[in-house]
Amino acid sequence: QVQLVESGGGLVQVGGSLRLSCAASGSTFKFNRMGWFRQAPGKQREWVATIYSSGSTNYAVSVKGRFTISRDNAKNTEYLQMNSLKPEDTAVYYCSVDYTGGAWDSWGQGTQVTVSS
């Protein structure tokens, strides 16, 4: 069982930046994908970004050009650098990993990001 712990959330003003981290433990699996999702109040959880074992990345249209996902395989950690933050980025952010090659297998507990205008 993989445990994921997010950190780095907080309160930031419009246009500011935050860097989220997600540390994975309890597994020797190689992660096919690592990703970030978010859920705003009253809305469904939505996908934000994915990074594959190859290093290739994908982003939701709403964050492309502003957010950057990265990973440190040696530390089993993924990151989400968020720049030019907007009020609509306010949400609980969750990290997730895929090590079975199918669905997202494990989830973190979430970290709150609040962007004030």
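Scroll up to find the structure.
Here is what the cut-offs are and how they apply
The residue numbering used here restarts from 1 in each chain and proceeds along that chain's sequence as written. Two thresholds apply to this predicted model, a pLDDT of at least 70 for residue-level local features and 80 or more for giving and counting side-chain atom pairs, whereas whole-chain, interface and lining totals are computed over all residues. To get the side-chain values, all heavy atoms of the structure are used, and hydrogens and water are removed first. Strands here are runs of E lasting at least two residues and helices are runs of H or I lasting at least four, both read from the DSSP assignment and numbered beginning at the N terminus. The atom set for the radius of gyration is the C-alpha atoms, and the globule formula is 2.2 Å times the number of residues raised to the power 0.38. Accessible area is worked out with a 1.4 Å probe on protein chains only. A residue is then buried under 20% of its type maximum, exposed over 50%, and partly exposed in between. Any two residues having at least one pair of non-hydrogen atoms within 4.5 Å are treated as being in contact. Each accessible area is a Shrake-Rupley estimate made with a 1.4 Å probe; only the visible protein chains count as cover when residues are assessed. His is not counted, nor are the chain ends; Lys and Arg add positive charge and Asp and Glu add negative charge. A charged residue contributes its charge at one atom only: NZ of Lys, CZ of Arg, CG of Asp or CD of Glu. Whether two strands pair comes down to DSSP finding at least two bridges between them. Between N-to-C directions, angles cover 0 to 180 degrees, with each direction set by a line fitted to C-alpha atoms, over the stretch in contact for helices.

Caption draft 1: A look at the overall build of the protein. Counting its secondary structure elements, the protein contains zero helices and 11 strands. For the protein, the N- to C-terminal ordering of α and β elements is β-β-β-β-β-β-β-β-β-β-β. Here the C-alpha atoms of the protein give a radius of gyration of 13 Å, agreeing with the 13 Å that 2.2 N^0.38 yields for 117 residues. Expressed as lengths along the three principal axes of its C-alpha atoms, the size of the protein is roughly 40 × 25 × 25 Å. Looking at the 117 residues of the protein, the share that counts as buried comes to 45%. Taking the intrachain contacts of the protein between residues at least 6 apart in sequence as the baseline, contacts between residues at least 24 apart amount to 53%. Counting only carbon and sulfur atoms, one obtains 49% of the accessible surface of the protein, whose full area is about 6000 Å². Treating the 11 positive side-chain charges of the protein as one cloud and the 8 negative ones as another, the clouds have centres 4 Å apart.

Caption draft 2: Inspection of the pairing of strand S7 (residues 67-72) at higher detail. Only one face of S7 is covered, namely the face carrying Phe-67, Ile-69 and Arg-71; the face carrying Thr-68, Ser-70 and Asp-72 is uncovered. Judged from the six bridges that link them, S7 and strand S8 (residues 77-82) form a sheet pairing that is antiparallel. The residue of S8 that forms the bridge with Phe-67 is Met-82.

Caption draft 3: Structural context of the sheet that holds S8. The four strands lie next to each other as S1-S3-S8-S7, forming an open sheet whose pairing is antiparallel. Edge positions in the sheet fall to strand S1 (3-7) and S7, since each has one partner strand and no second. For this sheet, the mean inter-axis angle between neighbouring strands, taken without regard to orientation, is 15°.

Caption draft 4: Focus on unusual backbone geometry. In this model, Asn-76 sits at a positive phi of 50°, which is unusual for a non-glycine residue. Secondary-structure assignment places Asn-76 in the loop between S7 and S8. Backbone geometry at Ser-84 places phi at a positive 50°, although glycine is not the residue there. Taking relative accessible area as the criterion, Ser-84 reaches 42% and is therefore assigned partly exposed.

Caption draft 5: Region of interest: the environment of Tyr-94. When you line up the elements, Tyr-94 lands in strand S9 (residues 91-98). Exposure remark for Tyr-94: the relative accessible area of 14% places this residue in the buried category. A sequence separation of 87 residues divides Tyr-94 from Ser-7, and the C-alpha atoms of the two residues are 9.9 Å apart. If near-sequence neighbours (up to four positions away) are discounted, Tyr-94 is found in contact with Glu-6, Gly-35, Trp-36, Phe-37, Gln-39, Arg-45, Trp-107, Gly-108, Gln-109 and Gly-110.

Purely geometric stuff here, so don't read any function into it on its own.
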